[in-house]
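Fold and contact review
What follows is each chain in one-letter form.
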Amino acid sequence: MASPMSASEFLDALRAEGVTVVEVGDWRDHNRNHKGPWGPVHGVMIHHTVTRGSERTVDLCRDGHPDLPGPLCHGVITKDGRVHLVGYGRANHAGSGDDEVLRAVIAEKGLPPDNEANTDGNRHFYGFECENMGDGEDPWPDEQLEAIVRAAAALCRRHGWTERSVIGHLEWQPGKVDPRGVSMRSLRQRVRERLKE
């Protein structure tokens, strides 16, 4: 079990990993903590946004929409490889997912199929939304993929986790496909290599 880092520790961890960070407004205090607990944290979840345009994407992830209030993640990774911090604490990104997947993440073992939605993921995962249409055709620039790897590795390094603590939304919640166009297996391998540095 791991307590969430403070906002300052989170920022320091990202910068120490060479991530280019953009701080958006009052991100340190922008959260959904009034809706439930934040922590213990067990991993990092990667998403795609189904949006075009960095400014619009960041605004949406910070503010949310009427059916799903923001923040919708902790950081938005735009195509230029920058990580825009939009919230810290409980965020509306993971939703309900599979308790067996959570146990595998905690144990850092291979993931079972996600076939249930019975566990609150917003409590247990850091979340990064990545600017991409999620149609399998929108490209994932190298700068963006490298930023995903560095951001995930930063949190794993700080908490003493391996790459097995990094999952895609599609591995957590039945019916989800994000991040479409990115192999989570390949991404975890890159995180593993990064953690050796």
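Residues numbered from 1 in each chain as written. Predicted model: local features only at pLDDT ≥ 70, side-chain atom pairs only at ≥ 80, totals over all residues. Heavy atoms only, no water.

Under an unreviewed UniProt entry, the name given to the chain is Peptidoglycan-binding protein, and the source organism is Streptomyces rubradiris.

With numbering matched to this structure, UniProt assigns "domain: N-acetylmuramoyl-L-alanine amidase" (unreviewed entry) to residues 27-180. Helix makes up 24% of residues 27-180 and strand 19%. Its end C-alpha atoms lie 27 Å apart. (UniProt positions renumbered as here; feature names shortened; annotations may be inferred. Helix = DSSP H or I, 4+ residues; strand = E, 2+ residues; numbered from the N terminus.)

This brings us to the environment of E17. Tracing the backbone shows E17 in the loop between α1 (7-16) and β1 (20-23). With relative accessibility at 4%, the residue E17 sits in the buried group. For E17 and I148, which are 131 residues apart along the polypeptide, the C-alpha to C-alpha distance reads 11 Å. Non-local contacts of E17, meaning those with residues more than four positions away in its chain, are made with R150, A153, A154, R157 and R194. (Buried < 20%, exposed > 50% of the residue type's maximum accessible area, 1.4 Å probe, protein only. Contact = heavy atoms within 4.5 Å.)

Another point: unusual backbone geometry. The residue after G39, namely P40, is reached through a cis peptide bond having omega 0 degrees. Locating P40 in the fold gives a position in the loop between β1 and β2 (43-48). Between D178 and P179 the backbone carries a cis peptide bond, its omega angle lying at 5 degrees. Here P179 lies in the loop between β10 (166-168) and α5 (184-195).

Take α5 next. In an α-helix there are 3.6 residues to a turn, and that puts residues three or four apart on one side. Compared with an ideal rise of 1.5 Å per residue, which puts 12 residues at 16 Å, α5 spans 16 Å between its outermost C-alpha atoms and is within 8% of the ideal. M184, L187, R188, V191 and R194 are the residues of α5 that are buried. Each buried residue of α5 sits inside an arc of 115 degrees when the element is viewed along its axis, so together they form one side. Where α5 is buried, its residues contact β2, α4 (142-159) and β10. (Expected span 1.5 Å × (residues − 1). Arc of directions from axis to C-beta.)

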